[in-house]
Amino acid sequence: PPLPSASSALPPRTTPPPTPTPTPTAVAAPGNAPSPATAALKRAPLPRSARFSLALPILRATQLDALQLDAELYQLLKAQFLKVFAFFRPSFIQRFEPELDALLQLLVYHLSVCSAGATYGQSLLNLRYRDERRVRAGAETPLLSRAQKVLYGLLHIGVPWLWARTSQWSVSSWGPPSFPAASGERDLPGGTADESEGLEEGDELAAAGGGRVVGAGRALLQQLLLRWRRQAARVLAWLARQDWRRRCGQWMDMAERVYKLLTFFNLLRFLARGVYPSLAERVLRMRLVYATPRQPRQVSFEFMNRQLLWHGFAEFLFFILPLINVQKVKNLGRRLFFSSSSLVNSVVVPEHACAVCAQSPIHTPYRTSCGHVFCYYCISSCILADAAFPCSRCGSVVDAITRVGASQG
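What you see is a predicted model; the values in this text were computed from it and never measured.

Quick notes on the rules
Residues numbered from 1 in each chain as written. Predicted model: local features only at pLDDT ≥ 70, side-chain atom pairs only at ≥ 80, totals over all residues. Heavy atoms only, no water. Helix = DSSP H or I, 4+ residues; strand = E, 2+ residues; numbered from the N terminus. Buried < 20%, exposed > 50% of the residue type's maximum accessible area, 1.4 Å probe, protein only. Axes fitted to C-alpha atoms, helices over the stretch in contact; angles between N-to-C directions. Parallel < 35°, antiparallel > 145°, perpendicular 65-115°, else oblique. Contact = heavy atoms within 4.5 Å. Nonpolar A, V, L, I, M, F, W, Y, C, P; charged D, E, K, R; others polar. Pairing = 2+ DSSP bridges.

1. A few points about unusual backbone geometry
Ser360 connects to Pro361 through a cis peptide bond whose omega is 0°. Relative to the assigned elements, Pro361 resides in the loop between α17 (340-346) and β3 (365-368). Not every positive phi belongs to a glycine, and Asn126 is a case in point at roughly 65°. Turning to its location among the elements, Asn126 is positioned in the loop between α8 (120-124) and β1 (127-131). Of note, Ala358 is a non-glycine position whose phi angle comes to about 60°, a positive value. Summarising the element assignment, Ala358 is placed in the loop between α17 and β3. Look at Ala358 and you get partly exposed, because its relative accessible area is 46%.

2. A few points about the packing of helix α6 (residues 97-111) against helix α10 (residues 146-171)
α10 packs onto α6 with a crossing angle of 175° between their chain directions and a minimal axis gap of 10 Å. When the interaxial angle is binned, α6 and α10 end up roughly antiparallel. Side by side, α6 and α10 meet where Pro98, Glu99, Ala102, Gln105, Leu106 and Tyr109 of the first sit next to Lys149, Val150, Tyr152, Gly153, His156, Ile157, Trp161, Ala164, Arg165 and Gln168 of the second. Each residue belonging to the contact of α6 with α10 can be placed in one class, and the counts come to nine nonpolar, four polar and three charged.

3. Looking at the pairing of β3
Both β3 and strand β4 (residues 373-375) contribute to a ladder of three bridges, which runs antiparallel. If you follow Arg367 over to β4, its bridge partner there is Val373. Here β3 folds back onto β4, and the loop between the two strands holds four residues, one of which, Gly371, carries a positive phi near 100°. Judged from the three bridges that link them, β3 and strand β5 (residues 401-403) form a sheet pairing that is antiparallel. Pairing of Arg367 across the sheet is with Thr402, part of β5.

Function cannot be inferred from these measures alone, as they are strictly geometric.
Given below as structure tokens:
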């Protein structure tokens, strides 16, 4: 037999499997803490585009609904609060209305924004405030700071109160008192002649005291009071010449126009971006977010459906009722469900009185075809309302009426 070749005699060569190269892994810190690389990545500020992409969008309608709810709730609370002063003079409420509004708003602010970080309307719609500056800095709990809460209260309570009081002061009729110089007074370098005489009297009183402490103190006090009066008179006269209230009213009108313009631009910005519905929130960086992000927006249309149904039903009644002859329908019902004998027995009006209005004596008497007498206006209106009007005494249909003579009346 042929000898085997060398290649067939040797066993097949096997290639060993490649050794896997170990991949570098981050070493976990003790206590299940994140690695230093992960912690550094978390501390690094996010780009502007990433921050806005991670922000949960809030519906614009929800934010506007919260503002409307807050306004409606405040009006309801104010109406109940003003009932306390129902027996006071009307001038009391008109005089202290800014203070009453500020007191009520302060109470609502303390129980809502200051304590819970959200108004009552925002809480009903699952919204709350957060500090946007802390979010951009990487804070895990971006709650409102104390400074933001204080400034929010000042902008929503203090500024409206100060504005209302300043407006009333600027438009009031009375002005600062003036001190016109009398005809007999002389203009002196130190003031008027009376003031100079007072100073001289103080000097004489100090000299008469013989250097005593009481006399010197009294003279010094009198001189200080006279000098203060002179300076106050000069300041008030300057204010009267400058017409300070008119200028203040002009500045307030200009500030109000600027504020309305800024509010309009803020509204356009809010409609475009969906954040900061009010100007104060934009200035303080108080952004509205969902208190529970995974909770769906629950909108109950039960009240709206009830209102729409009742409104439609009321509109239908207001349209159809003028077209219905109520008197004719009532008479038809009486003829259908009551016999003529029952109608006659139910009438208890005496014969000398009108069976419709029960007035005695009968005014402008008219006799029906059945022989009974009624007032002209009563029987004519009944016949015009229902051509088949039944007599209130006998139940027969009234076909015609004739006037009764004076002797028969």
